[in-house]
Amino acid sequence: MSTVTPEAAPDAEALQAQFDDVIARNERIEPRDWMPDGYRATLVRQIAQHAHSEIIGMQPEGNWITRAPSLRRKAILLAKVQDEAGHGLYLYSATETLGTSRDELTEKLLSGAQKYSSIFNYPTLSYADVGTIGWLVDGAAICNQVPLCRTSYGPYGRAMIRICKEESFHQRQGYELLMTMMQGTDAQREMVQESVDRFWWPALMMFGPPDADSPNTARSMAWGIKRNTNDDLRQRFVDMTVPQAQVLGVTLPDPQLRWNEERGAHDFGEPDWEEFMRVVKGNGPCNAQRVAHRRRAWEDGAWVREAATAYAARSAVLGASREGEER
Amino acid sequence: MSEIRAEWPLYEVFVRGKRGLNHVHVGSLHAADPETAVRNARDVYTRRNEGVSIWVVRSADITASSPDEKDPMFAPSGDKVYRHPTFYEIPDTVPHM
Ligand SMILES: [Fe+2]
Ligand SMILES: [Fe+2]
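### Describing the overall build of chain A
- Helix and strand counts for chain A stand at 13 helices and three strands.
- Overall, chain A is about 75 × 55 × 35 Å in size when its C-alpha atoms are taken along their principal axes.
- Within the span of chain A, comprising 327 residues, buried residues form 49% of the whole.
- The contacts in chain A between residues at least 6 apart in sequence include a share of 78% that link residues at least 24 apart.

Structure representation (structure tokens):
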């Protein structure tokens, strides 16, 4: 994109004041606006991590596509996983408006320089996990993402709006899958409970470390990038999920979980933050496998990208010479 | 073959939601050529009947005004209040206006 250049560049202070003004008025920052370096860097880190999560997040569920129990479930799962690819692409596109290239993003995912959500480093051991992921993991993602529709960076907010519209299907198909299994045999009900037991705590970790250990939250909130703290969102998720678990007939594996009349909210136990740090640092059950799979997909696809580029170049040459003949 | 290794160009995608509406910018994507850009745009941006028509254009081919909202370019429209219907006082007794 080229720009009609303004005559004189405004000074740094005026630019900062203009930026602060837009944030204070709760308006959106757009790609070509001046923004503080820290704001840009925070956005790139957050949106890239989010995009990578969507892309890596296809793997645990993709694992079950070939073994879906019916054509109906297979079609649903395919559509869901395809949506996650779309979410990754919306978010990569938003990241690129900040001046990073797509190749750079891919490289940083593969080298581990940029992270993705730790939840996707857990394995999917049964088909119930497809349901549990839809219910709890997409559910937690919705909790995180709905407030981000109002984030201060325009392209990020617009991507989140598209994503949130599609996430509701993800959560509902998961819940419906679990409901169906709960109406089945004892073995199927046990399968659901076992799956919920494995995913409950990692789902709570999706909101990030406790506020006291999240030093950047205050700055992100002042910039309007984040709208709620990690602990706020975690609480909201627990309060929303408890009645859903009751209807489903499963137990959430937390002995400290109970309604607190005074607070008007549920009390609940502390996730194992040491486990969280271990998984974030690369030592979860599937970290190596997830990145290796992504790397293989990227490398195995190289010839396709090259062929398409060669075809485009050849077509452009042919098109130009044909145009010449017509004249 | 560094030429072939290079990243596919970026295309901006515009979708017409339904007949009677303008094409609206929805995002961007990479593709080797315009035809695949349209095809990929269908998969990325219209999985749920969001559109009846797609335009793609190379991002590099767009020329834009300067990003500054206080750009003097838009100043001329700011002081021409007489371009708006509310500028004119018409008595309430005049019908259909
Ligand atoms: Fe998603
Ligand atoms: Fe999802």
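There's more to say after this.
### Overview of the coordination of the iron ion (ligand 2)
Residue and element names in this part refer to chain A.
- Looking at the iron ion (ligand 2), the protein donor atoms are Glu84 (OE), Asp138 (OD), Glu167 (OE), Glu167 (OE) and His170 (ND1), and they sit 2.0 to 2.7 Å from it.
- In this model, the iron ion (ligand 2) sits 3.2 Å from the iron ion (ligand 1), the two metals being bridged by Glu84. Of the two residues, Asp138 sits in helix α6 (residues 128-145) while His170 sits in helix α7 (residues 154-182), which places them 32 residues apart along the sequence. The burial state of Asp138 is the same as that of His170; both residues are buried.

### Quick notes on the coordination of the iron ion (ligand 1)
Residues and elements named next belong to chain A.
- Coordination of the iron ion (ligand 1) by the protein is provided by Glu54 (OE), Glu84 (OE), His87 (ND1) and Glu167 (OE), with metal-donor distances spanning 2.1 to 2.4 Å.
- Around the iron ion (ligand 1), the four donor atoms are arranged such that angles at the metal cover 81 to 156 degrees; this shape is classified as irregular.
- Sequence spacing of the donors to the iron ion (ligand 1): E-x29-E-x2-H-x79-E.

### Considerations on the pattern of salt bridges
- Applying the stated rule across the entire model yields 21 salt bridges over all chains.
- Here A:Arg72 and A:Glu176 are joined by a salt bridge, their closest N and O atoms 2.9 Å apart. Of the two residues, A:Arg72 is situated in helix α4 (residues 71-96) and A:Glu176 in helix α7; the sequence distance between them amounts to 104 residues.
- Take A:Arg72: its relative accessible area is 46%, and that puts it in the partly exposed class.
- A salt bridge links A:Glu166 to B:Arg48, with the shortest nitrogen-to-oxygen separation between them at 3.3 Å. One end of the pair, A:Glu166, is in helix α7; the other, B:Arg48, is in the loop between α2 (34-45) and β3 (53-58), on a second chain.
- A single salt-bridge network, built from bridges that share partners, covers A:Glu61, A:Lys80, A:Glu84 and A:Asp138.

### Some remarks on the pairing of strand β2 (residues 23-30) of chain B
- As defined by bridge partners, strand β1 (residues 10-16) of chain B adjoins β2(B) across seven bridges and the pair is classed as antiparallel. When the bridges of β2(B) are listed, B:Leu10 appears paired with B:His30.

### Details of the confidence of the model for chain B
- For chain B, mean pLDDT is 88; residues scoring 70 or higher make up 90% of the total.
- Of all secondary-structure elements in chain B, the lowest mean pLDDT belongs to helix α1 (residues 2-5) of chain B, at 50, while β3(B) reaches the highest, 98.

### Let's talk about the sheet that holds β2(B)
Residues and elements named next belong to chain B.
- Pairing within the open sheet is antiparallel, and its three strands lie in the order β2-β1-β3. Strands with a single pairing partner mark the edges of an open sheet, and in this sheet they are β2 and β3. Averaged over all pairs of adjacent strands, the angle between strand axes in this sheet comes to 25 degrees, irrespective of strand direction.
- Bridge count between β1 and β3: six bridges; the pairing is antiparallel. Looking at the pairing, Phe14 lines up with Trp55 of β3.

### What to know about the packing of helix α2 (residues 37-56) of chain A against α7(A)
Residues and elements named next belong to chain A.
- The contact between α2 and α7 brings their axes to 12 Å, and the two run at 25 degrees. The angle between α2 and α7 places the two elements in the roughly parallel class. Seen from above, α2 lies across α7 with left-handed handedness. Contacts between α2 and α7 pair Leu43, Gln46, Ile47, His50 and Glu54 from the former with Tyr156, Met160, Ile163 and Glu167 from the latter.
- Looking at the contact of α2 with α7, its residues break down into five nonpolar, two polar and two charged.

### Quick word on the packing of aromatic side chains
- Tallying each qualifying case throughout the model produces 11 aromatic pairs over all chains.
- Pairing B:Tyr82 with B:Phe87 gives two aromatic rings, centres 6.3 Å apart and planes at 70 degrees, and the pair type is edge-to-face.
- B:Tyr82 gets classed as partly exposed once you look at its relative accessible area, which sits at 43%.
- Between B:Phe87 and B:Tyr88, the ring centres sit 5.0 Å apart and the planes meet at 85 degrees, which makes this aromatic pair edge-to-face.
- Residue class for B:Phe87 comes out partly exposed when judged on its relative accessible area of 43%.
- Through pairs of rings, three or more aromatic residues link up here, namely A:Phe19, A:Trp34, A:Tyr39 and A:Trp223.
- Its guanidinium or amino end placed over the ring of A:Trp64, A:Arg67 lies 4.2 Å from that ring's centre, counting from NZ or CZ.
- The positively charged end of A:Arg305 is found above the aromatic ring belonging to A:Trp298, 3.6 Å away from the centroid.

### Section: the nonpolar core
- Within the largest apolar cluster, 85 residues are counted, with the highest numbers of intra-cluster contacts made by A:Tyr39, A:Trp135, A:Tyr153, A:Phe237 and B:Leu29.
- When residues of this core are assigned to their parent elements, the largest contribution, 10 residues, is made by α7(A).
- Beyond its immediate stretch of four places on either side in the chain, B:Leu29 contacts B:Pro9, B:Leu10, B:Tyr11, B:Val13, B:Ala37, B:Asn40, B:Ala41, B:Val44 and B:Tyr45.

### Points about the interface of chain B and chain A
- Facing the 28 residues of chain B at the interface are 31 residues of chain A.
- Summing both partners gives a buried area of about 2,600 Å² for chain B against chain A, and 47% of it is carried by carbon and sulfur.
- Inspection of the chain B/chain A interface yields four salt bridges.
- Among the salt bridges present, the one from A:Glu166 reaches B:Arg47, with a minimum N-O distance of 2.9 Å.

### Focus on the environment of A:Ile119
All names here are of chain A.
- By the secondary structure assignment, Ile119 is in the loop between α5 (102-111) and α6.
- Assessed through its relative accessible area of 2%, Ile119 is described here as buried.
- Residues Ile119 and Gly174 lie 55 residues apart in sequence; the distance between their C-alpha atoms is 16 Å.
- Excluding anything up to four places from it in sequence, Ile119 contacts Val137, Phe199, Pro202, Ala203 and Met206.

Thresholds applied
Residues numbered from 1 in each chain as written. Chains lettered and ligands numbered in written order. Predicted model: local features only at pLDDT ≥ 70, side-chain atom pairs only at ≥ 80, totals over all residues. Heavy atoms only, no water. Helix = DSSP H or I, 4+ residues; strand = E, 2+ residues; numbered from the N terminus. Buried < 20%, exposed > 50% of the residue type's maximum accessible area, 1.4 Å probe, protein only. Contact = heavy atoms within 4.5 Å. Donors = N, O, S within 2.8 Å, 3.2 Å for Na, K, Ca; no water. Tetrahedral: all angles 85-135°; square planar, octahedral: opposite > 155°, others 65-115°. Salt bridge = Lys/Arg side-chain N within 4 Å of Asp/Glu carboxyl O. Pairing = 2+ DSSP bridges. pLDDT = per-residue confidence, 0-100. Axes fitted to C-alpha atoms, helices over the stretch in contact; angles between N-to-C directions. Parallel < 35°, antiparallel > 145°, perpendicular 65-115°, else oblique. Left-handed = near helix turned anticlockwise from the far one by under 90°. Nonpolar A, V, L, I, M, F, W, Y, C, P; charged D, E, K, R; others polar. Phe/Tyr/Trp six-rings, centres within 6.5 Å; stacked < 30°, edge-to-face > 60°. Lys NZ or Arg CZ within 6 Å of the ring centre and 35° of its normal. Core = buried A, V, L, I, M, F, W, Y, C linked by side-chain atoms within 4.5 Å. Buried area = accessible area lost by both parts, 1.4 Å probe.

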